[in-house]
Protein chains: 2
Amino acid sequence: MPADYLVPLLRSDVTTKIVLLVMDGLGGLPVEPGGLTCLEAAATPSMDRLAAEGALGRTVPIRPGVTPGSGPAHLALFGYDPLQFLVGRGVMEALGIGMRVSPGDVAARGNFCTLDAQGRISDRRAGRISSEEAKPIVESLQSIKLEGAKAEVRHVKEYRFALVLRGAGLKGEIEDTDPQVSGAAPLPAVARNSASRKAARLFNQWTAKAQRILAKQARANGLTLRGFGSDPKLPKYQDAYGLRAACVAVYPMYRGVSQLVGMDVIQFNGEAPADEFAAASSIWADNDFVFIHVKKTDSMGEDGNFAGKVKVIESVDQALPALLALKPDVIAITGDHCTPVPMRSHSWHPVPLLLWSAKNAFADEHKKFGESNCAKGGLGTLPATDLMPLLLAHAGRLEKFGA
Amino acid sequence: MPADYLVPLLRSDVTTKIVLLVMDGLGGLPVEPGGLTCLEAAATPSMDRLAAEGALGRTVPIRPGVTPGSGPAHLALFGYDPLQFLVGRGVMEALGIGMRVSPGDVAARGNFCTLDAQGRISDRRAGRISSEEAKPIVESLQSIKLEGAKAEVRHVKEYRFALVLRGAGLKGEIEDTDPQVSGAAPLPAVARNSASRKAARLFNQWTAKAQRILAKQARANGLTLRGFGSDPKLPKYQDAYGLRAACVAVYPMYRGVSQLVGMDVIQFNGEAPADEFAAASSIWADNDFVFIHVKKTDSMGEDGNFAGKVKVIESVDQALPALLALKPDVIAITGDHCTPVPMRSHSWHPVPLLLWSAKNAFADEHKKFGESNCAKGGLGTLPATDLMPLLLAHAGRLEKFGA
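A brief look at the structure comes next. All residue numbers refer to position in the chain's written sequence, counted from 1. Both sets of labels track the order of writing: A upward for chains, 1 upward for ligands. Given that the model is predicted, a residue must reach a pLDDT of at least 70 before its local features are reported, and side-chain atom pairs must reach 80 or more before they are shown or counted; all residues, however, enter totals for whole chains, interfaces and linings. Side-chain measures were taken over the full set of non-hydrogen atoms in the model, leaving aside hydrogen atoms and water.

A word on the environment of Gly-57 of chain A
Residue and element names in this part refer to chain A.
Inference 1: Strands here mean DSSP runs of E at least two residues long; helices mean DSSP runs of H or I at least four residues long; both are numbered from the N terminus. Mapped onto the secondary structure, Gly-57 falls in strand E2 (residues 55-60).
Inference 2: Here Gly-57 falls in the buried class, since its relative accessible area comes to 0%.
Inference 3: As a C-alpha pair, Gly-57 and Pro-136 span 79 residues in sequence and 48 Å in three-dimensional space. Only protein chains enter the accessibility calculation, which uses a 1.4 Å probe; a residue whose area is less than 20% of its type maximum is buried, one above 50% is exposed, and one in between is partly exposed.

Brief notes about the packing of aromatic side chains
Inference 1: Only Phe, Tyr and Trp rings are paired, with Trp represented by its six-membered ring, and only when their centres lie within 6.5 Å; those with planes under 30 degrees apart are stacked, over 60 edge-to-face, the remainder tilted. Under the definition given, this model contains 16 aromatic pairs over all chains.
Inference 2: Ring centres 4.8 Å apart and planes at 80° place the aromatic pair Phe-203 of chain A and Phe-228 of chain A in the edge-to-face group. Taken together, the residues span a long stretch of sequence, with Phe-203 of chain A in helix H6 (residues 197-214) and Phe-228 of chain A in strand E7 (residues 222-229) at a distance of 25 residues.
Inference 3: Exposure remark for Phe-228 of chain A: the relative accessible area of 9% places this residue in the buried category.
Inference 4: The interplanar angle of 45° and the centroid separation of 4.9 Å between the aromatic rings of Phe-112 of chain B and Phe-161 of chain B together place this pair among those described as tilted. Remark: Phe-161 of chain B occurs in strand E6 (residues 160-166) and Phe-112 of chain B occurs in strand E3 (residues 106-115); sequence separation between them is 49 residues.
Inference 5: Taken together, the ring pairs in this structure connect Phe-78, Tyr-237, Tyr-241, Phe-289 and Phe-291 of chain A into an aromatic cluster.
Inference 6: By the criterion adopted, a ring carries a charge over it if an Arg CZ or a Lys NZ lies within 6 Å of its centre and within 35 degrees of its normal. Above the plane of the ring of Trp-284 of chain B lies Lys-17 of chain B, whose end atom (NZ or CZ) is 5.8 Å from the centre.

Description of the interface of chain A and chain B
By convention, interface size is frequently given as the accessible area that disappears when the constituent parts associate.
Inference 1: Two residues qualify as a contact provided that any one of their heavy atoms is within 4.5 Å of a heavy atom in the partner residue. Contacts between the two partners involve 21 residues from chain A, matched on the other side by 25 residues from chain B.
Inference 2: By definition, a salt bridge exists where a carboxyl oxygen of Asp or Glu is found within 4 Å of a side-chain nitrogen of Lys or Arg. Between the two partners, chain A and chain B, sit one salt bridge.
Inference 3: Ionic pairing is found between Glu-365 of chain A and Lys-376 of chain B, a salt bridge with its closest N-O pair at 3.0 Å.
Inference 4: The term polar contact refers here to a pair of N or O atoms within 3.5 Å; inside protein, the definition further demands a hydrogen-donor-capable atom paired with an acceptor-capable atom, and it admits residues adjacent in sequence only when both atoms are side-chain atoms. In this structure, the connection of chain A to chain B is made through five residue pairs in polar contact (both at pLDDT 80 or more).
Inference 5: Just so you know the grouping, Ala, Val, Leu, Ile, Met, Phe, Trp, Tyr, Cys and Pro go in nonpolar, Asp, Glu, Lys and Arg go in charged, and all remaining residues, Gly too, go in polar. Tallied by class, residues from the side of chain A that touches chain B come to 12 nonpolar, five polar and four charged.

And the structure:
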């Protein structure tokens with residue numbers, strides 16, 4: 001369990017509802033010294049009202065100084081320490097493009113590379129071929145058949161693809177086939193233990209067949225596989241927290257990670273915050289916990305688009321009354337990590353957190369949701385994995401520990 | 001040891017004195033949004049002077065979001081992580097009513113229940129019989145004799161009692177006899193290992209004899225036993241911290257937990273803070289560390305009595321000069337947990353902490369002891385188990401770590 005001391009404390013007689021609203025890459029930095037961040041510059045009257053009634057703080061996604069990817073950052077928000085609950089890169093990559101990784105499957109990340117006449121790698125990224133060029137090459141590999149397993153391959157981006165072998169009881173403790181240097185031939189897939197031998201053999205079979213198909217390519221005439229992994233068998237929300245949980249997200253990766261922790265992934269139309277809140281409303285009665293994910297804050301941060309990020313935050317705030325009308329007992333609004341506009345990338349900075357509760361909140365003095373106020377907020381600066389216990393506590397879902 | 005990295009650093013050539021003054025359930029919430037807490041509303045000139053000269057902060061008793069019982073919360077203040085140093089519920093229950101649990105003894109919590117004609121439980125709490133009704137029933141069980149052990153049984157509250165078997169080398173790793181459901185008969189006490197078999201047999205013997213005595217009762221005609229446990233053999237203050245420590249407390253539970261960590265429990269007359277400070281004065285010369293416990297702050301919080309809790313805090317403040325006249329080198333004033341008046345119960349919120357030191361305190365800007373200032377205080381928000389190392393440090397009782 002992510003926090004196993006909680007399990008004996010879980011109450012089954014409580015019907016309170018919790019919302020976790022994540023704006024991806026929410027936190028940021030000012031562009032000019034002394035200036036405002038996007039969140040501070042945005043007009044957010046609804047969030048500010050929640051801030052005034054609730055408390056602010058900050059979360060540290062992985063460890064201080066560590067910049068997280070969105071997968072691990074979400075695991076942390078869900079209460080699973082990413083250093084303890086390891087999810088293979090291949091699994092994350094597959095989930096990120098909407099491929100399923102079920103128990104018994106093994107997923108891997110694939111790279112096209114350029115091989116010389118002796119079969120040695122001359123370019124580990126196949127000259128960084130474009131997505132347009134790579135996509136049909138990946139499609140040409142979809143016809144590969146294996147004995148005792150099904151192979152599913154999909155293009156990711158540029159020279160990258162994802163490969164999932166589906167079979168019975170396959171295990172993915174397998175060494176990368178990427179030798180990490182030019183001038184060496186791709187390595188065979190070698191199992192780290194006997195349980196993974198069958199999968200390693202199948203990956204080698206698949207690679208050999210793919211090699212023959214790729215032979216006619218000029219640049220992408222070879223491939224390597226990395227980050228082999230299986231379903232990490234994470235404890236599920238129902239068991240860890242006693243919560244029936246649902247995920248409302250547009251992007252595949254967030255849907256995939258939510259599925260790994262046992263959330264029910266909701267199908268809905270539209271992509272706007274208002275559409276997501278309508279989806280939350282449609283499944284409200286059947287769930288105790290609703291995770292809602294907004295992606296565009298992160299995209300705007302990565303594009304270095306200050307005004308764009310402000311606008312996304314404001315669009316969430318404008319739609320928020322529809323969510324609040326559902327009368328959640330507890331709502332947390334936060335990010336999974338920071339994506340500061342001046343950095344145009346994810347960062348390690350602590351992430352702004354707003355915690356509102358219909359009951360028993362320790363309201364601090366801050367009345368506007370923003371990085372500077374969060375740094376002084378009444379919740380303090382917490383590991384992201386502490387958020388779930390706090391949400392459960394405010395929702396009255398935990399018994400007292402000891403007498 | 002609770003913090004074993006400290007042991008090699010302990011100085012034996014220091015004679016400084018430390019006071020830990022705990023007002024039970026001290027922390028709270030305002031009754032009205034934007035209002036003051038009891039601690040903030042109370043007139044506390046002496047504490048405020050200490051706050052001005054010292055620093056404020058907050059402690060997290062167990063883990064964020066976890067509401068502690070007073071037993072585990074005190075263990076944490078004493079530096080023993082309650083998730084690591086487990087004290088059985090039976091032991092806590094026995095200590096709470098002033099029964100001793102010595103090495104070799106086994107303690108259990110007992111419930112009266114109602115059995116039907118087939119010996120199956122029809123009411124797990126014997127119709128929640130009153131204390132008045134239950135007390136003489138418990139007394140009727142005091143005559144039970146066992147071979148090879150002495151049984152001591154005492155009433156706790158309503159349908160609950162505590163049972164301690166005293167013998168040679170008894171071990172308490174025994175399954176509950178409460179089947180947790182109505183319609184099933186009480187289970188026999190089953191040992192989890194061979195060392196606990198003797199005690200399990202004795203508990204079954206005691207239960208059989210008790211059953212015969214209870215047969216004539218209408219509602220309390222059966223019993224179950226839970227939370228079996230022995231002396232947890234906690235490291236003692238002298239070994240863990242190099243401190244001769246004394247406990248000044250009125251209520252049995254706090255005296256019991258203090259005894260578990262090797263404190264000398266002081267006998268004294270009276271119950272008021274002034275009486276407790278006089279008791280501290282009487283043993284001042286012979287101790288390095290004095291723990292003083294004030295109970296009524298918690299009781300008033302549980303009663304939802306705002307004015308009453310304010311008054312208890314003020315009575316402590318008024319008596320405080322007598323304690324300060326002893327010239328402690330370091331004094332911490334805090335609670336074991338919060339008991340907010342609007343909740344009428346313990347809560348998970350971080351606990352206000354005031355740390356004053358005659359020397360080397362980092363004084364923050366806050367001049368009044370209260371929750372909002374503590375949330376912004378110079379000590380930050382710390383696990384409660386960090387308090388003891390800080391007290392030792394301020395008292396000059398720790399050597400440098402490494403060169």
